[in-house]
Amino acid sequence: MAIDDIINIQNVSFYRDDRAIFKNLNCAISTGKITAIMGPSGSGKTTLLRLIGGQLNPHEGQIRLFDQDIAALNRKQLNQIRARMGVLFQSGALFTDLSVFENVAFPLREHMHLSADELYNKVLLKLEAVGLRGARDLMPSQLSGGMARRVALARAVAMEPELILYDEPFAGQDPIAMAVLQRLIKDLNSAMNLTSVLVSHDIAEACAIADQVILLGEGRVLVQDTPAALQASNDPAVKQFIHGEADGVIPFHFAAPALQQELRGGSE
Amino acid sequence: MINLIADLGSGLLGKLVRIGQALLMLLQATIVRPKASSFSRLIQQLYVVGVQSLIIILVSALFIGMVLGLQGYTLLAAYGTEQAVGQMVALTLVRELSPVVAALLFAGRAGSALTAEIGLMKATEQLASLEMFGVDPLHRIVAPRFWAGIISLPLLVAIFSLVGIYGGHLVAVDWLGVYSGSYWGNMQQAVDFNGDVLNGMVKALVFAFLISWTAVYQGYTCVPTSQGISAATTRTVVYSSLAILGFDFILTALMFGGTV
């Protein structure tokens, strides 16, 4: 493990029922960088994020986060590690019974002993950073999808974590919301000296802000490189994914017997 | 034949495993030192689970009491003992109908809502989000809802009995002309506080445990999809209702079996 790697994934295998999602997966994520984990749907991107966050444990191998084996930690130690990281869930995962302000204040109330004024100012500054100071009294149901994602981002950085995990931050966003999120992820990463890991299949948006890209497929890392190198790659699987070709090494058809065998009674 | 026995055995073992898991979940959720903030969350859930179930309990109790008054009067008048309608209404309610009907209504109204709410929290990653903030969802989400159910149902059952007895009074005394003194006097003489009222409340407590436990477990372990939440909500109502009726027979046999 290199000294500047915040996450190190070593020979990880993970199965759902009998299906291997990962088989001997190896990769490392450098401190202070924005790393995009990309791959086709079903390649295990979100599963990898959950493994890193300790919500799932690998069946084989180990994931070292802040130089600790995440699966070997007890709940208290895991919570201490989690206090050093933030997660932006795909759905935003805002608490629907709390206002925008209270959602952002939630981790601060749980883990920090701040005075009412300190808490208020801290929450307001985080909301200001995502441009939603004026929406502090709204409930999550009153927010648009893009706004909810930004509130979730403010909540994820409220504890000023060292690492932040983004699960599909651009999914389902309009072009303006997407650009806003892109800028926020980039700015927060440099302003707060964060390490960001974002799982995405929005190639252009993720590549535009990522320092390195990990491309997953067939249960392993297909390639780990800079976005520019990926664009120039001649690897057929990488080319197919980057250029969005429907069929290729990653098949268009789900595994099935030949069509001729399946058609009935002479119809073709 | 062997396969059938094997399937039956593995099905039974699976059920036992799930009961064990549910029990473990409940212990993890409830055996914890409460914080000051847990109290405010409990109050909030008491409102949602208990106060918001009041209307259906009040209306049902009134009508059931009125029906009991009417049926009781018709039946007893044939033997010239219509003055005993008060004791009949009260005993039927406090021993059986209040705990059972209130519990069935509670399972449909509050139990299903608890399952759907927790299931939806799971589907929208709110539970995962709590975990990532280092907050145990069992303590934060499951425990206050479970305790709110345990506290609310016995109170609702007591209210059900009171309103039901008043409903019986409306029909038997105010409408059909039974003497008010007989209605209350016979009731006072026939209803034993320990034997009838307290036993009814013990039933309510057992039913509250069964409903709350089923509801939070089904919500917490549901498949986080719309179909999964719908199935879990249905299971809460079906399992709770069957458990209420089954345990009602057992409890009745234990409490009143010797006096028959």
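Residues numbered from 1 in each chain as written. Chains lettered and ligands numbered in written order. Predicted model: local features only at pLDDT ≥ 70, side-chain atom pairs only at ≥ 80, totals over all residues. Heavy atoms only, no water.

Chemist: Looking at this model, I keep getting lost on the overall build of chain A. Mind explaining?
Modeler: Secondary structure summary: chain A contains 10 helices and 10 strands in total. In terms of overall dimensions, chain A is globule-like: its C-alpha atoms have a radius of gyration of 20 Å, near the 18 Å expected for 268 residues. Projected onto its principal axes, the C-alpha coordinates of chain A cover approximately 75 × 40 × 35 Å. Counting the 268 residues in chain A, one finds 50% classified as buried. Across chain A, every contact between residues at least 6 apart in sequence was considered, and the portion connecting residues at least 24 apart equals 64%. Here chain A holds 24 positive side-chain charges and 30 negative ones, and the gap between their average locations is 4 Å. (Helix = DSSP H or I, 4+ residues; strand = E, 2+ residues; numbered from the N terminus. Rg over C-alpha atoms; globule rule 2.2 N^0.38 Å. Buried < 20%, exposed > 50% of the residue type's maximum accessible area, 1.4 Å probe, protein only. Contact = heavy atoms within 4.5 Å. Lys, Arg positive; Asp, Glu negative; His and termini not counted. Charge placed at Lys NZ, Arg CZ, Asp CG, Glu CD.)

Chemist: How should the side chain of Arg140 of chain B be read in this particular structure?
Modeler: Considering the arrangement of structural elements, one finds Arg140 of chain B in helix H6 (residues 137-175). Residue Arg140 of chain B is classed as buried on the basis of its relative accessible area, which comes to 14%. Those residues in contact with Arg140 of chain B that lie beyond four places of it in its chain are Phe106 and Glu110 of chain A together with Arg41, Leu130, Val135 and Arg145 of chain B.

Chemist: Would you take a moment to explain the interface of chain B and chain A for this structure?
Modeler: Many analyses report the size of an interface as the accessible area lost when the parts associate. Listed as interface residues are 13 residues of chain B and, on the opposing side, 20 residues of chain A. Overall, the association of chain B and chain A removes approximately 1600 Å² of surface from exposure, summing both partners, and the carbon and sulfur fraction of that is 54%. The largest contributions to the chain B side of the interface with chain A come from Glu125, Met132 and Phe133 of chain B, which together make up 44% of the buried area. Our enumeration of links across chain B and chain A arrives at two salt bridges. Among the salt bridges present, the one from Glu110 of chain A reaches Arg140 of chain B, with a minimum N-O distance of 2.0 Å. Counting the contacts that link chain B with chain A gives nine residue pairs in polar contact (both at pLDDT 80 or more). A breakdown of the residues in the side of chain B that touches chain A according to their chemical character gives five nonpolar, four polar and four charged. (Buried area = accessible area lost by both parts, 1.4 Å probe. Salt bridge = Lys/Arg side-chain N within 4 Å of Asp/Glu carboxyl O. Polar contact = N/O pair within 3.5 Å; in protein donor to acceptor, adjacent residues only side chain to side chain. Nonpolar A, V, L, I, M, F, W, Y, C, P; charged D, E, K, R; others polar.)

Chemist: Any chance you could explain the sheet that holds strand E10 (residues 220-225) of chain A here in plain terms?
Modeler: Consider a sheet: its strands pair through backbone hydrogen bonds, and that pairing is either parallel or antiparallel. Residues and elements named next belong to chain A. Taken in spatial order, the six strands make up an open sheet running E6-E7-E8-E3-E9-E10, and their pairing is mixed. Across the chains shown, the open sheet's two edge strands, defined by having one partner strand only, are strand E6 (85-88) and E10. Taken pair by pair, the neighbouring strands of this sheet meet at an average axis angle of 15 degrees, ignoring direction. By the bridge criterion, five bridges tie strand E9 (residues 212-217) to E10 in an arrangement that is antiparallel. (Pairing = 2+ DSSP bridges. Axes fitted to C-alpha atoms, helices over the stretch in contact; angles between N-to-C directions.)

Chemist: Could you clarify how one ought to interpret the sheet that holds strand E2 (residues 19-30) of chain A in this entry?
Modeler: Residues and elements named next belong to chain A. Overall, antiparallel pairing links the four strands, which are arranged E2-E1-E4-E5 in an open sheet. With partners counted over all chains shown, the strands left at the sheet margins are E2 and strand E5 (68-69), one partner each. The sheet contact formed by strand E1 (residues 5-16) and E2 spans eight bridges and is antiparallel. Among the inter-strand pairings, Tyr15 is bridged to a residue of E2, identified as Ala20. On the sheet, helix H1 (residues 45-52) packs against E1, E2 and strand E4 (60-65) and is oriented at approximately 120 degrees with respect to E1.

Chemist: Sorry, what's going on with the packing of aromatic side chains here?
Modeler: Given two aromatic rings, one states the distance between the centres and the angle between the planes to describe the pair. Going through the model one piece at a time under the given rule, you end up with seven aromatic pairs over all chains. Look at Phe146 of chain B and Trp147 of chain B: their rings are 5.3 Å apart centre to centre, the planes differ by 70 degrees, and that puts the pair in the edge-to-face class. Plain terms: the ring middles of Phe146 of chain B and Phe209 of chain B are 6.0 Å apart, the flat faces sit at 85 degrees to each other, and that makes the pair edge-to-face. Here Phe209 of chain B lies in helix H8 (residues 193-221) and Phe146 of chain B lies in helix H6, a separation of 63 residues in the sequence. We classify Phe146 of chain B as buried; its relative accessible area is 3%. For Phe209 of chain B, a relative accessible area of 30% translates into the label partly exposed. Of note, Arg84 of chain A hangs over the ring of Phe66 of chain A, and the distance from its end group to the ring centre comes to 3.9 Å. In this structure, Arg155 of chain A is placed above the aromatic ring of Phe95 of chain A, and the distance from its NZ or CZ to the ring centre is 4.7 Å. (Phe/Tyr/Trp six-rings, centres within 6.5 Å; stacked < 30°, edge-to-face > 60°. Lys NZ or Arg CZ within 6 Å of the ring centre and 35° of its normal.)

Chemist: Could you clarify how one ought to interpret helix H2 (residues 75-82) of chain A in this entry?
Modeler: Within an α-helix, residues lying three or four positions from one another point in the same direction, as the helix has 3.6 residues per turn. Listing the buried residues of H2 of chain A in full gives Leu78, Asn79, Ile81 and Arg82 of chain A. Taken down its axis, H2 of chain A places every buried residue within 160 degrees of arc, on the same side. Tucked inside the fold, the buried residues of H2 of chain A contact E4, E5 and E6 of chain A together with helix H5 (126-132) of chain B. Between the side-chain oxygen of the N-cap and the backbone nitrogen of Lys76 of chain A there are 3.2 Å, and the N-cap of H2 of chain A in question is Asn74 of chain A. (Arc of directions from axis to C-beta.)

Chemist: What's the story with helix H3 (residues 54-77) of chain B in this structure? I'm lost.
Modeler: A rise of 1.5 Å per residue sets the reference length of H3 of chain B, with its 24 residues, at 34 Å; its end C-alpha atoms lie 34 Å apart and thus fit the reference within 8%. Elements in contact with the buried residues of H3 of chain B: helix H4 (85-123) and H6 of chain B. (Expected span 1.5 Å × (residues − 1).)

Chemist: Please explain the pattern of salt bridges as it appears in this structure.
Modeler: Side-chain pairs of opposite charge can arise where the charged atoms are in close proximity. Under the definition given, this model contains 13 salt bridges over all chains. Notably, a salt bridge pairs Glu162 of chain A with Arg84 of chain A, separated by 2.8 Å at the nearest N-O pair. Taken as a pair, Glu162 of chain A in the loop between helix H5 (145-156) and strand E7 (163-167) and Arg84 of chain A in the loop between H2 and E6 lie far apart in primary sequence, 78 residues in all. Of the charged contacts in the structure, one is a salt bridge between Arg145 of chain B and Glu117 of chain B, with a shortest N-O distance of 3.0 Å. Linking Arg145 of chain B in helix H6 with Glu117 of chain B in helix H4, this pair joins segments that are 28 residues apart in sequence.

Chemist: Is there a simple way to think about the packing of H6 of chain B against H8 of chain B in this case?
Modeler: The relative placement of two packed helices comes down to the angle between their axes together with the axis-to-axis distance. All names here are of chain B. Between H6 and H8, whose axes approach to 8 Å, the crossing angle comes to 150 degrees. In terms of orientation, H6 and H8 fall into the roughly antiparallel class. At the point where H6 passes H8, the crossing takes the right-handed sense. Seen from H6, the contacting residues are Pro137, Leu138, Val142, Arg145, Phe146, Gly149, Ile150, Leu153, Pro154, Val157 and Ala158; seen from H8, they are Met201, Ala204, Leu205, Phe207, Ala208, Phe209, Ile211, Ser212, Trp213, Val216 and Tyr220. (Parallel < 35°, antiparallel > 145°, perpendicular 65-115°, else oblique. Left-handed = near helix turned anticlockwise from the far one by under 90°.)

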